[in-house]
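Overview (structure and organization)
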Amino acid sequence: MDSYRNDGKTSNFNTKEDSANNWRKVSPSKSYCSSSSTSTENVVSTLERETAVPSTVTVSTRPDDPHLLAGEKIIGQSRDVTYLCPYYGPARGILTITNYKLNFCSIDKSPSVDVPLGVVSRIEKVGGASSRGENAYGIEIFCKDMRNLRFAHKQENHSRRDIFEKLQQYAFPLSHKLKLFAFDYNEKFSENGWNVYEPIAELKRMGVINDMWKITKINEHYDICDSYPAVWAVPTQATDDDLKASACFRSRGRIPVLSWIHPESQATITRCSQPLVGVGGKRCREDERYIQLIMDANAQSHKIFIMDARPSANAIANKAKGGGYESEDAYQNAELVFLDIHNIHVMRESLRKLKELCYPNIDESKWLSGIESTYWLKHIKCILAGAVRIADKVENLKTSVLVHCSDGWDRTAQLTALSMIMLDPYYRTLKGFEVLIEKEWLSFGHKYQQRIGHGDDHHSDADRSPVFLQFIDCVWQITQQFPNAFQFNDYFLITILDHLYSCRFGTFLSNSERERVQEHLKDQTVSLWSYINSRLDIYKNPLYWANNHQNVLIPIASIRHIKLWKAYYCRWNPSMRTQDPVYHRIRELLSYKEQLENGVMNYQKEQQCRVMRNTVSPT
Amino acid sequence: MRSFTDIVFHCSLKHKTMIMGEAKDSGFKSYIDESMLENIVLNDEQRTKFLRGETIVCEVENVRMYRPLSDKKKFTTGVLTITTFKLSFACAEEETDWKGLIQHNNLLGVNDICLSSIDTIYQIGEKTRKKLVPGQNVSGKVKELLIICKNMRSFEFCFKFSTKDSGKSVANVLLHHCYPKRHSLLFAYEYSEPPSGKSISREARLFRTKEDWRLEYNRTKCKNWRISDVNQNFRTSHMLVESLIIPQSLTDSALTQAVEHFRNRCGPVWVWGTPLGAALVRMADLLPTITDRIQENTVLEHIRRSHPDKKPPYLFDLSRECPSPKDVYNSYLKLRDLCVPESTRQFKQQDFKFYGLLDNSKWLTFVSICLSKSLEAAELLSTHNSTIVLQEGNGTDMNCVISSLVQIILDPHFRTKYGFQSLIQKDWVAMGHQFAYRLSHILDKEVEFCPLFLLFLDCVWQLLQQFPMAFNFSETYLTTLWDSVGISIFDTFLFNCEHDRVLAETGQDKLVLRSVWDWSRQFNERDIAFFCNPLFQDTFTEKLKPKTETSALGIWNQCYFRWIPDLEIRCGGRPQIDLCARLIVSEVWELREKLEGKENCKHVQNREEYVKLLNTVSSFYPFSHNAKEVTINNTLLTSSDALDTQSILNMNND
């Protein structure tokens, strides 16, 4: 008891006349803050937590060399470099470049920096040989993960030249005819993440094989659609000719195939790309019939919703380029809804503004209006709102929904994956979420290579866009609204994002399943899920309520509930770095509970022993 | 079962009501044949209940109450009653539907609000919204009234189907009774329920007596100060209590002389200190007519001498460094706009630029200023062992906010429910925060309404978010406390100062004092149980180091948004964390008792209850007033662009 409680009256909160009622007695008075903390505290970078390196791989072993991964080797080193840290000020030390990362180790006690070269978007020289002022000459590195790094070199003998060239080479290996690090990395894990997703098993889990839906391997060799997976689920009634004809009418052959089916009502979520309507308003009877088949596969409803993710203006504009949207005249019983989600270029610009706001320091006086002006949360809200509408139609109206945008690999993936998370508790587990990413994002051809720009130096490439990051942000928003509905914590989400860029694992490389097969990624690289699944404990949410009552989550898509994910976007700023105190406390309580459980077990064992002894001794 | 010991049933009136309805058309048609609507009689449970001493002023049948944010399309029909205590809307909804989902108040029904909680009344026309001014009468026809309460709740009533002129009379009755000009017109003076006789000393220290101050002074182990009777019979200052703690070296006569120079005659008063000798002192500004600062310097010198190391105190000029009550009031109005949107259209417009509007309200900026000033003072007190003198205008507004926050930051005692309640008694009630004016219990032209107390509660809520293990009360407790400030039965927040309270208690009115801290008066044990925080760790006695920047602050959803049904997350939100924590703690208790060789089945029962709640409660629990109506409201889900581009959204089809 603390010293201030000398009046004997303060304890009334826990003790009450009616001792039989124990409602109020919820705060145990004993201390149990001694429990060891888990590594999820103070998440800065999930990349800095590395296992020891097998000695056989190590090439050089100087004491100040950084830890190396299996397959990692030192490429270059610069021993007299100043890291211009925006928070702790300049620090002198050694800059090491490996084929995987950049490591800065300061000679004093300042924190070190460890950045996988995969996150580097652009490298620039700052100042010239004649620049004046301290630390005016050096290298600036712009990263994909919301930070920039500046290093100052000595202004003599072209001291930065070697490091600059090595950085260019290994940060952008594809532009220099080199391989990505994932192909050199060869660490062994107890789990094989490449086996996490098995398309047919997943379709069976959903209960696809029934009277209405079948599995087809028509795209086994990726002939019908080169950006789609090999295995599809389509209505039983649909013939191969139907599928082929429809493919001709859909942008890049991305015809409607099944994403998810409701276990009871059989209402489905299907996905595709825009129809090739064009200015002339072309029609395709087979495509119309095919969509009718999707509708008919759900006996509960005589209607189908077509959710076009785009703003209507964009959809109309696409007609000029040969695309467009389904007219309700041509598609009987279909209702078309535009979800007003903007394109990849708008999102990229929004993230750029967000980075300006969050890095390196935030201007407190402009924080709220700054968030407003980035539009980032508005885009997040829009995507969530769209997914909620899809989930609502499927769950409450028992009506099937067909989702598309232009090509059906960006906004469509966001919408189907999010609505599946809302509808199906399986995708809220660690394993299920991995399956979801493998299925809706990877197998359906979200172009990770293009959107992230792995290993190439075209930093201003118009194909780059934070589409997947937005999806993860939306997932985080849902976890905030439903704190006990997810098996994973935000450390898991941050880990995924870190390795989205790192190029250490093969998971997010290439643009499609076809390319991944061609490049033998499963044999040549390690899956991110191997790494994650061998240490699942640290990614678990202590509040996860396994026997969850709630099958369907309907988040509130109002900006009043949507927050900026500071633990991700502002994590480089040490003053913004906080661990969630609630989760921390819950973990303490749980570990205390575990201690007590062990105590009780020992106590019971003792008792049993005593009983045994007592029964034995008389004889 | 509900216990209604203090309720007299009113049975002479025949209550008729119509069941809940939904207008099919967006346009509102008055030709609805009344015979088509089912008339049903309210049962005893549903009827408005009355307290002893409460009298009916006005009663209107066939009143429609619109569901918030339904654009007048969803409503309930019932009986609107206005009494000397409350506004009450009785309808045929099954009370049982609410059980377990919302806090049950013994004094007020689900759709009741105390007249003292009413903030603004608007007359609603076809396209107009006119604020009704207290003291003036409404003469024209009143079809609809919108009533906005201090706790951000709003009621919208339609009188189209009631008897002629009933809208007008309701408006006039409200204007007359909601804004009394004299204190003795408040319901507390009419309430004739005999006092419970229960001692409040277990709930809070009231700081009305010398003994309370002595105990507090001893508890802090602060030295070199003395308890003076200089304000006996409020000779020195009307605003303060009779016992004051002042520097040991300051004589009563010197103090009497000095206070002449201070506004409100509020000289320096000790409120808290540390064993090392640093003290927290508050006082008012010098009178504007005083040009020399001799008297101020004299008292400051005495304060310096009271420090064991004779360290000069730090002076915090809060009038300059903190927002003025006027600023806080304007900020509150803007915040309230965000919490009480008029229509779905306005809701969406606000959503469209929410963070900008929130920024513009400055509410979080003010929270941030209060927290950072308090943290600064707390650091000086603890780390530098310096005495802090808080100085401000009359010494009764921002002084209360900062002074109490400093103590919460430093002293774990004030983070318990008992300590927190005592702190409010000490730094708000005893120190003369003008609750009667600031909460506008009575209308006064000079001192305006200003929810400084809400600003303080918001600051405490922010601390609770950052240090959930440090407090033994919950956010539900804080929200309930804000609801309770507008209930004119309790004397705690009714008076401007102790002097007024004493006059009312001993004068001809013989007011019976009822403390708000007697929570059992309002709530049953189950609801009170949710006031405590399952994450509390009573060994946590450290000083708090909160982040005070706006970026580290959040919006108090439960308090501000709970009346907007569309914002309630079904089976989600904080209550889920709270209940999970209760489950774990209950298991911990059981295990500990097992280790001690005790077996107890109550834990299992509690857990069953928690699990049941986990499966049903939504994010505003226990304030889920519209939980059962929550359906997916598509109007909220249209994208922001729908406002500037005309997209083809067909909202009415489902």
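Quick caveat, the model's predicted, so the values are computed rather than measured. (Residues numbered from 1 in each chain as written. Chains lettered and ligands numbered in written order. Predicted model: local features only at pLDDT ≥ 70, side-chain atom pairs only at ≥ 80, totals over all residues. Heavy atoms only, no water.)

**Concerning the overall build of chain A**
- The number of helices and strands found in chain A is 18 helices and 14 strands.
- Residues counted as buried form 60% of the 619 residues belonging to chain A.
- Total accessible area on chain A stands at roughly 24300 Å², and carbon and sulfur atoms take up 49% of it. (Helix = DSSP H or I, 4+ residues; strand = E, 2+ residues; numbered from the N terminus. Buried < 20%, exposed > 50% of the residue type's maximum accessible area, 1.4 Å probe, protein only. Areas by Shrake-Rupley, 256 points an atom, 1.4 Å probe, with all protein chains shown as cover.)

**Some remarks on the nonpolar core**
- Counting 309 residues, the largest nonpolar core has F433, F471 and Y569 of chain A as its most contacted members.
- The element best represented in this core is helix 8 (residues 376-396) of chain A, accounting for 12 residues.
- Each of domain 1 (4-179) and domain 2 (207-560) of chain B accounts for three or more of the residues forming this core.
- Residues in contact with Y569 of chain A, not counting those within four places in the same chain, are M146, L351, L354, C358, W376, L469, D473 and L564 of chain A.
- Residues L132, L145, I147 and F159 of chain B belong to the second largest nonpolar core, which totals 29 residues. (Core = buried A, V, L, I, M, F, W, Y, C linked by side-chain atoms within 4.5 Å. Domains from an automatic or database assignment. Contact = heavy atoms within 4.5 Å.)

**Notes on unusual backbone geometry**
- Here the bond from Y359 of chain A into P360 of chain A is cis, since omega is -5 degrees, no more than 30 degrees from zero.
- For the peptide bond that leads from Y621 of chain B to P622 of chain B, omega is 0 degrees, which places it in the cis range.
- Structurally, P622 of chain B can be placed in the loop between helix 20 (602-616) and helix 21 (634-637).
- At D340 of chain A, a position not held by glycine, the phi torsion is positive, near 60 degrees.
- Checked against the element boundaries, D340 of chain A lands in the loop between strand 13 (334-338) and helix 6 (344-358).

**A word on the side chain of Q576 of chain B**
Residues and elements named next belong to chain B.
- With respect to the helices, strands and loops of the structure, Q576 is situated in helix 19 (residues 574-595).
- There is a polar contact of 3.4 Å between the side chain of Q576 and the backbone oxygen of C571.
- Within the structure, the side chain of Q576 is placed 3.3 Å from the backbone oxygen of L614, a separation counted as a polar contact. (Polar contact = N/O pair within 3.5 Å; in protein donor to acceptor, adjacent residues only side chain to side chain.)

**Some points on the packing of aromatic side chains**
- For the coordinates displayed, the defined rule picks out 64 aromatic pairs over all chains.
- When the centroid spacing of 6.3 Å and the interplanar angle of 55 degrees are considered together, the rings of F354 of chain B and F561 of chain B count as tilted. With F354 of chain B in helix 9 (residues 354-361) and F561 of chain B in helix 18 (residues 557-561), this pair connects stretches of sequence that are 207 residues apart.
- Over the ring of F352 of chain B we find K378 of chain A, and its NZ or CZ is 4.4 Å from the ring centre. (Phe/Tyr/Trp six-rings, centres within 6.5 Å; stacked < 30°, edge-to-face > 60°. Lys NZ or Arg CZ within 6 Å of the ring centre and 35° of its normal.)

**Details of the packing of helix 8 of chain A against helix 12 (residues 467-481) of chain A**
All names here are of chain A.
- Helix 12 packs onto helix 8 with a crossing angle of 75 degrees between their chain directions and a minimal axis gap of 10 Å. As judged from the angle between their axes, helix 8 and helix 12 are roughly perpendicular. Within the contact between the two elements, helix 8 uses W376, L377, H379, I380, I383 and L384 and helix 12 uses L469, Q470, D473, C474, Q477 and I478.
- Split into classes, the residues belonging to the contact of helix 8 with helix 12 amount to 8 nonpolar, 3 polar and 1 charged. (Axes fitted to C-alpha atoms, helices over the stretch in contact; angles between N-to-C directions. Parallel < 35°, antiparallel > 145°, perpendicular 65-115°, else oblique. Nonpolar A, V, L, I, M, F, W, Y, C, P; charged D, E, K, R; others polar.)

**What to know about the packing of helix 9 (residues 411-423) of chain A against helix 10 (residues 430-443) of chain A**
Residue and element names in this part refer to chain A.
- Two numbers describe how helix 9 lies on helix 10: the axes approach to 10 Å, and their chain directions differ by 150 degrees. On the basis of their axis angle, the class for helix 9 and helix 10 is roughly antiparallel. Remark: the crossing between helix 9 and helix 10 carries right-handed chirality. Note on element contacts: helix 10 touches helix 9 through F433, L436, K439, E440 and W441, opposite A413, Q414, T416, A417, M420 and I421. (Left-handed = near helix turned anticlockwise from the far one by under 90°.)

**Things to note about the UniProt feature "domain: Myotubularin phosphatase" (unreviewed entry) in chain B**
- Residues given the UniProt feature "domain: Myotubularin phosphatase" (unreviewed entry) here are residues 207-560 of chain B.
- Annotated as residues 207-560 of chain B, this span is 46% helix and 7% strand, and its ends, taken at the C-alpha atoms, are 31 Å apart. (UniProt positions renumbered as here; feature names shortened; annotations may be inferred.)

**Some remarks on the pattern of salt bridges**
- Under the definition given, this model contains 73 salt bridges over all chains.
- D463 of chain A is paired through a salt bridge with R451 of chain A; the nearest N and O atoms lie 3.6 Å apart. Here D463 of chain A, found in the loop between helix 11 (448-453) and helix 12, pairs with R451 of chain A, found in helix 11; they are 12 residues apart in sequence, far enough to count as distant.
- Among the residues examined, D463 of chain A registers a relative accessible area of 30% and is labelled partly exposed.
- Note that R219 of chain B is salt-bridged to D411 of chain B, the shortest N-O span being 2.8 Å. (Salt bridge = Lys/Arg side-chain N within 4 Å of Asp/Glu carboxyl O.)

**So, the domain arrangement of chain B**
Residues and elements named next belong to chain B.
- Assigned domains of chain B: these are domain 1 (4-179), domain 2 (207-560) and domain 3 (568-653).
- Computed over C-alpha atoms, the centres of domain 1 and domain 2 are 36 Å apart.
- Across the boundary between the two partners, domain 1 contributes 27 residues, which contact 35 residues of domain 2.
- Both faces considered, domain 1 and domain 2 share a buried interface measuring about 2600 Å² in area, 52% of it formed by carbon and sulfur atoms.
- Counting every contact that joins domain 1 to domain 2 gives 2 salt bridges.
- Residue E342 is joined to R129 by a salt bridge in which the shortest nitrogen-to-oxygen separation is 3.5 Å.
- One can count 15 residue pairs in polar contact (both at pLDDT 80 or more) joining domain 1 with domain 2. (Buried area = accessible area lost by both parts, 1.4 Å probe.)

**Digging into the side chain of Q123 of chain B**
Residue and element names in this part refer to chain B.
- Note that Q123 resides in strand 10 (residues 118-124).
- Among the polar contacts listed, one links the side chain of Q123 to the backbone oxygen of K141, at a separation of 3.2 Å.
- Not counting chain neighbours up to four residues away, the residues in contact with Q123 comprise T128, R129, K130, L132, V138, K141, V142, E144 and L145.

**Things to note about the pairing of strand 12 (residues 304-308) of chain A**
Residues and elements named next belong to chain A.
- Counting buried positions along strand 12 yields 5 of 5 residues, so the element is predominantly enclosed.
- Burial of the side chains of strand 12 extends over both faces: I304, I306 and D308 are buried on one face and F305 and M307 on the other.
- Here strand 12 pairs with strand 13 via 5 bridges, running parallel. Note that in strand 13 the partner of F305 across the bridge is E335.
- Viewed along the sheet, the connection from strand 12 through helix 5 (residues 312-317) into strand 13 turns out right-handed. (Pairing = 2+ DSSP bridges. Right-handed = clockwise from strand over helix to strand, strands pointing away.)

**Details of the confidence of the model for chain B**
All names here are of chain B.
- Here chain B shows a mean pLDDT of 88. Residues at 70 or above account for 88%.
- Scored below 50 in pLDDT, residues 1-20 shows 58 contacts in the model against residues more than four places distant or in partner chains.
- Ignoring residues within four places in sequence, the model shows residues 637-654, a span with pLDDT below 50, making 42 contacts including any to other chains.
- With a pTM of 0.91, the predicted complex shows an ipTM of 0.91. (pLDDT = per-residue confidence, 0-100.)

**Quick notes on the sheet that holds strand 19 (residues 388-391) of chain B**
All names here are of chain B.
- In space, the 4 strands of this open sheet follow the order 16-17-19-18, with mixed pairing throughout. Two strands lie at the open edges of the sheet, namely strand 16 (269-273) and strand 18 (314-317), each paired on one side alone. With strand direction ignored, the average angle separating the axes of adjacent strands in the sheet is 25 degrees.
- Here strand 17 (residues 279-283) pairs with strand 19 via 4 bridges, running parallel. Looking at the pairing, M283 lines up with Q391 of strand 19.
- Across the sheet, helix 5 (residues 294-306) is in contact with strand 17, strand 18 and strand 19; its angle to strand 17 comes to roughly 165 degrees.

**A look at the sheet that holds strand 5 (residues 120-126) of chain A**
Residue and element names in this part refer to chain A.
- Reading across from one edge, 4-3-2-1-7-6-5 is the order of the 7 strands in this open sheet, with antiparallel pairing throughout. Each edge of the open sheet is held by one strand with a lone partner, namely strand 4 (113-116) and strand 5. Sheet twist, expressed as the mean angle between neighbouring strand axes with direction ignored, is 30 degrees.
- Pairing analysis gives 5 bridges linking strand 2 (residues 89-98) to strand 3 (residues 101-106), with the strands arranged antiparallel. Of the residues in strand 3, the one forming a bridge with T96 is N103.
- Sheet strands touched by helix 1 (residues 161-171): strand 1 (74-85), strand 2, strand 3, strand 5 and strand 6 (138-143). Its angle to strand 5, the strand with the most contacts, is close to 165 degrees.

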